[in-house]
Amino acid sequence: MHAIAENKSFLEKGAELLLLPVFQDEKPGAIAAKADSILGGVIAALSKKEFSGKPGTAVLLRGTGKLKRVLLFGLGKRPALNNDSLRQAGGRLAATAMALCVESVAFALPDKVDAAEATIAAVEGVMLGAYRFDKYFTDPEAKAKPVKSLAVIGGRTPKEKQALEYATIVSECSNFARELSNESGSNATPAVIARRMQEYCKVNSVSCRVLDAADAKKLGMGSFLSVAAGSVQPAKFVVMEYKGKGAKGKPIALVGKGITFDSGGISIKPSGNMDKMKHDKSGACAVVGAMAAVSRLKLPLHVVGVCPLSENLPSGSATKPGDIVKAMNGKTIEILNTDAEGRLVLADALAYAVEKFKPTAVIDIATLTGACFVALGDVRSGLMGNDDALQQKIMKAGEIEWERCWMMPMDADYDEKVKSTVADVKNIGGAMGDSGVMSGSSFLKLFVGETKWAHLDIAGTGWAEREKPYFSLGATGVGVRLFARMLKDWKG
Ligand code: BES
Ligand code: MN
Ligand code: ZN
């Protein structure tokens, strides 16, 4: 989709479909007034019953002239406007365009808002909203009708043009992460995902190396390799690096869990909903999307991405509960549940990132625990870590981009729960299945040493099981927008 910044004279040329956001109990702003003069006053003539402006309500008007269709979208009352209102409006615009087979749309920004931030939200809403995972439909009718162009009407200052460029990049990179995560386990094996990551890195000027199982063995990654033991698909370990112009000091490391299919292994999962475990690679997908975004945005930073990729399957060669493995930092792990495999691949990936790159900060992102979904639902990702400033950066980026997080506790008491009787640590926590989110972080922190570290649990937010204003069912690409924003605003 091609997005361009326009000012209100654009309306004189007409539009196939124009979205006008309207605040409740307010007169339409300057752009809406201009549109209404072209339409002959139909908007002003609407009664409150016909269109109230309540949040999320919408009315589609048919014009007779060049302004063919206008979608009024209620933003609710101005003080209640949040960082997602315009993104949701964008999602509605995309959905309407696709339903009507309209290829070019326009989005009028409301008045008296930060035009650059509003532009970002609007573009993201339309571009994320227009994405469908439809490559496997053979019937052309079943495929989504693409939205080809988007005009954001508000202003054409350099700041707004830059905002438009930023949002285009992060939306495209988010949609790439979604496309990758939506692929099924057998179509997207570790080797396939590694290759697609490599190709994507190449076109986006990110350097990318793929280590194989033999390399991992040499490095002593016994924990990572134990997860792949039951699969005929060889594990892959992807290392990406971007060094922007002017980048100084140590890099920032992003680490993404990439389980291409999680059956649970010998501790096998119940079959209901097991198909969703194709999305267990969503953390890795977010990392490659973020790497590409950072490079395309030409941020003056040094960023590395590390993605351990493996299947988790049962077989005669699979790891068994009770097995003890050794991670590359020398720590021994008692595997009591082979379904707690995310932390096993992250143990080696975190240790590798820390040892190899000596980063100023390392952030992992993982569909780690069902417990996180129970705690926070599909609304916020769980956030843990050992450095308050780093967590605040993540929280802030999440609020702006509406990939919201919530900090979970890190009391030392939780560490007791992952103590093993036969090894340095065990891979599950509380005997009563309690505090599962925190057991994950108590385990992971053993593999980062003194490095500043944060952990994002996206088990609930990685994919949508209900339709959202700008998400169709399936992967959300969560993490790409958050990381891009955090890194754009990164200081020290
Ligand atoms: N990939 C799952 C976590 C998950 C579950 C993500 C549901 C999204 C939705 C992870 O590997 C897992 O199986 N975790 C176990 C951990 C337990 C055995 C300690 C879980 O959550 O049950
Ligand atoms: Mn699992
Ligand atoms: Zn998993």
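The structure this text deals with has already been given above.
The structure reproduced in this document is the subject of the present report. (Residues numbered from 1 in each chain as written. Chains lettered and ligands numbered in written order. Predicted model: local features only at pLDDT ≥ 70, side-chain atom pairs only at ≥ 80, totals over all residues. Heavy atoms only, no water.)

Next up on the list: the coordination of the manganese ion (ligand 2). Those protein atoms acting as donors to the manganese ion (ligand 2) are Asp262 (OD), Asp339 (O), Asp339 (OD) and Glu341 (OE), and they sit at 2.1 to 2.2 Å. Considering all six donor atoms around the manganese ion (ligand 2), angles at the metal cover 70 to 168° and the coordination shape is irregular. For the manganese ion (ligand 2), the single-chain donor residues occur in sequence as D-x76-D-x1-E. A residue is classified by how much of its surface remains accessible, and aspartate 339, at 23% relative accessible area, is partly exposed. Looking at glutamate 341, the relative accessible area reads 1%, which means it is buried. (Donors = N, O, S within 2.8 Å, 3.2 Å for Na, K, Ca; no water. Tetrahedral: all angles 85-135°; square planar, octahedral: opposite > 155°, others 65-115°. Buried < 20%, exposed > 50% of the residue type's maximum accessible area, 1.4 Å probe, protein only.)

Right, let's get into the site of ligand 1. Close to ligand 1 lie 15 residues; Lys269, Asp280, Asp339, Glu341 and Gly370 are nearest. With respect to ligand 1, the side chain of lysine 269 contributes an N or O atom lying 2.8 Å from an oxygen atom. Here a nitrogen atom of ligand 1 and a backbone polar atom of leucine 368 are 3.4 Å apart. When isolated, ligand 1 has an accessible area of 520 Å², and the protein chains bury 77% of it. Applying the majority rule of atoms within 2 Å of the grid points places ligand 1 in the largest pocket. Partitioned by chemical class, the residues of the shell around ligand 1 number five nonpolar, four polar and six charged. (Near = heavy atom within 4 Å. Polar contact = N/O pair within 3.5 Å; in protein donor to acceptor, adjacent residues only side chain to side chain. Areas by Shrake-Rupley, 256 points an atom, 1.4 Å probe, with all protein chains shown as cover. 1 Å grid on protein atoms, 1.4 Å probe; cavity = no way out; pocket = protein on both sides within 12 Å on 5 of 7 lines; lining within 4 Å. Sits in = over half its atoms within 2 Å of the grid points. Nonpolar A, V, L, I, M, F, W, Y, C, P; charged D, E, K, R; others polar.)

Here the zinc ion (ligand 3) is held by the protein donor atoms Lys257 (NZ), Asp262 (OD), Asp280 (OD) and Glu341 (OE), which lie 2.0 to 2.4 Å from it. Between consecutive donors of the zinc ion (ligand 3), the numbers of intervening residues give the motif K-x4-D-x17-D-x60-E. For the pair the zinc ion (ligand 3) and the manganese ion (ligand 2), the metal-to-metal distance amounts to 3.1 Å, and aspartate 262 bridges them. A residue pair is termed long-range when its members are at least 10 positions apart, and aspartate 262 in strand β10 (residues 258–262) and aspartate 280 in the loop between β10 and α9 (282–296) qualify at 18 residues. (Helix = DSSP H or I, 4+ residues; strand = E, 2+ residues; numbered from the N terminus.)

For the rest of this paragraph, the subject is the environment of glycine 429. Take glycine 429: it is sitting in the loop between β17 (425–426) and α14 (436–444). Overall, the relative accessible area of 13% leaves glycine 429 in the buried class. Separated by 322 residues in sequence, glycine 429 and phenylalanine 107 place their C-alpha atoms 49 Å apart. Once residues lying within four places of it in the same chain are set aside, the contact partners of glycine 429 are Lys417, Val418 and Ser439. (Contact = heavy atoms within 4.5 Å.)

Taken as a whole and assessed by the stated rule, the structure comprises one cavity of 30 Å³ or more. What lines the largest cavity is Ser226, Val227, Gly230, Gly265, Asn312, Leu313, Ala318, Thr319, Ile335, Thr338, Glu341 and Leu344. Split into classes, the residues belonging to the lining of the largest cavity amount to five nonpolar, six polar and one charged. (Points joined across faces, edges and corners; volume = space filled by probe spheres on them.)

The element strand β14 (residues 361–366) is extensively covered by neighbouring structure, given that six of its six residues are classed as buried. On β14, burial covers both faces: Ala361, Ile363 and Ile365 on one face and Val362, Asp364 and Ala366 on the other are all buried. Where strand β9 (residues 252–256) and β14 come together, five bridges link them in parallel fashion. Counted as the bridge partner of leucine 254 is isoleucine 363 from β14. (Pairing = 2+ DSSP bridges.)

With that settled, consider the packing of aromatic side chains. To describe a pair of aromatic rings, you give the distance between the ring centres and the angle between the ring planes. The full count for this structure, using the stated rule, is seven aromatic pairs. Geometrically, the ring pair formed by phenylalanine 133 and tyrosine 136 is edge-to-face, given 5.8 Å between the ring centres and 65° between the ring planes. Given a relative accessible area of 46%, tyrosine 136 falls into the partly exposed group. Taken together, a centroid distance of 6.4 Å and an interplanar angle of 75° make the contact between tyrosine 352 and phenylalanine 357 edge-to-face. Classification of phenylalanine 357 by relative accessible area gives buried; the value is 12%. Counting every residue linked through ring pairs, the aromatic cluster contains Phe224, Phe237, Tyr352 and Phe357. The lysine or arginine in question, lysine 393, covers the ring of tryptophan 490, its NZ or CZ lying 4.4 Å from the ring centre. Sitting above the plane of the tyrosine 166 ring, lysine 488 keeps its charged end 5.0 Å from the centroid. (Phe/Tyr/Trp six-rings, centres within 6.5 Å; stacked < 30°, edge-to-face > 60°. Lys NZ or Arg CZ within 6 Å of the ring centre and 35° of its normal.)

Turning to the pattern of salt bridges, a few remarks are in order. Taken as a whole, this structure holds 32 salt bridges when the rule is applied. Note that aspartate 25 and lysine 48 form a salt bridge whose closest N and O atoms lie 3.1 Å from each other. With aspartate 25 in the loop between β2 (18–23) and α1 (30–39) and lysine 48 in the loop between α2 (42–45) and β3 (58–62), the pair connects residues that are 23 residues apart, well separated along the chain. Judged by its relative accessible area of 48%, aspartate 25 falls in the partly exposed class. Arginine 296 is the salt-bridge partner of glutamate 172, the closest N and O atoms lying 2.9 Å from each other. Residue glutamate 172 is found in helix α5 (residues 158–182), and its partner arginine 296 is found in helix α9; the two are separated by 124 residues along the sequence. Residue glutamate 172 is classed as partly exposed on the basis of its relative accessible area of 27%. Through salt bridges that share partners, Asp84, Arg87, Glu117, Glu124, Glu401, Glu403, Arg481 and Arg485 make up one connected network. (Salt bridge = Lys/Arg side-chain N within 4 Å of Asp/Glu carboxyl O.)

Two quantities define a packed helix pair, namely the angle between the axes and the distance from one axis to the other. Orientation of helix α3 (residues 85–100) relative to helix α4 (residues 115–129), taken along the N-to-C sense of each, is 35°, at an axis distance of 7 Å. Crossing geometry of α3 relative to α4 is assigned as right-handed. Here α3 contributes Leu86, Arg87, Gly90, Gly91, Leu93, Ala94 and Met98 to the contact with α4, which in turn contributes Ala118, Ala121, Ala122, Glu124, Gly125, Val126 and Gly129. Among the residues forming the contact of α3 with α4, the class breakdown is eight nonpolar, four polar and two charged. (Axes fitted to C-alpha atoms, helices over the stretch in contact; angles between N-to-C directions. Left-handed = near helix turned anticlockwise from the far one by under 90°.)

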